[in-house]
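# Observations on the three-dimensional arrangement
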Amino acid sequence: MTIHPRVSAVAVLGDYLLRVEFRDGSAGTVDLSELVASSGGVFVPLRDVQRFAEVRVDADAGTITWPNGADIDPDVLYTMVHGPDATSTASRAKRAE
């Protein structure tokens, strides 16, 4: 499994919609509405858009998290932004040399 760059910043764009920036300088938008709607456990409270908007970056883990302990694997986020065949910007630049 490829380990992608970790999350460096997150911003709420709307209900369940986030802009995620990665340490390799890339960024994109992720729509987490299906994940929040279909998941149980710690994701249930995030169905409240105000609770969802409490998202932040956990610098130690390199991903996004919420005060209730919910988080999403940063590799999953990177793949959501860049697609299933994604490689990091640094890896793409190295191959282009």
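Every value quoted in this text rests on a predicted model; they were computed, and no experiment measured them.

### Focus: the overall build of the protein chain
Helix and strand counts for the protein chain come out as four helices and six strands. Going from the N terminus to the C terminus, the protein chain shows its helices and strands as β-β-β-α-α-β-β-β-α-α. For the protein chain, buried positions account for 34% of its 97 residues. For the protein chain, the share of sequence-separated contacts (at least 6 apart) that also reach a separation of at least 24 residues comes to 44%. Of the accessible surface of the protein chain, which amounts to about 5,500 Å², a share of 50% is contributed by carbon and sulfur atoms.

### Digging into the pairing of strand 3 (residues 27-31)
In strand 3, alternate side chains face the same way, and those of Gly28 and Val30 are buried while those of Ala27, Thr29 and Asp31 on the opposite face are not. Pairing analysis gives five bridges linking strand 2 (residues 17-22) to strand 3, with the strands arranged antiparallel. Bridged to Val20 within strand 3 is Gly28. Following strand 2, the chain reverses through four residues before pairing antiparallel with strand 3; Gly25 in that reversal takes a positive phi of roughly 90°.

### Section: the environment of Gly41
Tracing the backbone shows Gly41 in the loop between helix 1 (33-38) and helix 2 (49-52). Judged by relative accessible area, Gly41 falls into the exposed class, the value being 62%. Residues Gly41 and Ala70, 29 residues apart in the sequence, show an inter-C-alpha distance of 8.8 Å.

Cut-offs applied
- Residues numbered from 1 in each chain as written.
- Predicted model: local features only at pLDDT ≥ 70, side-chain atom pairs only at ≥ 80, totals over all residues.
- Heavy atoms only, no water.
- Helix = DSSP H or I, 4+ residues; strand = E, 2+ residues; numbered from the N terminus.
- Buried < 20%, exposed > 50% of the residue type's maximum accessible area, 1.4 Å probe, protein only.
- Contact = heavy atoms within 4.5 Å.
- Areas by Shrake-Rupley, 256 points an atom, 1.4 Å probe, with all protein chains shown as cover.
- Pairing = 2+ DSSP bridges.

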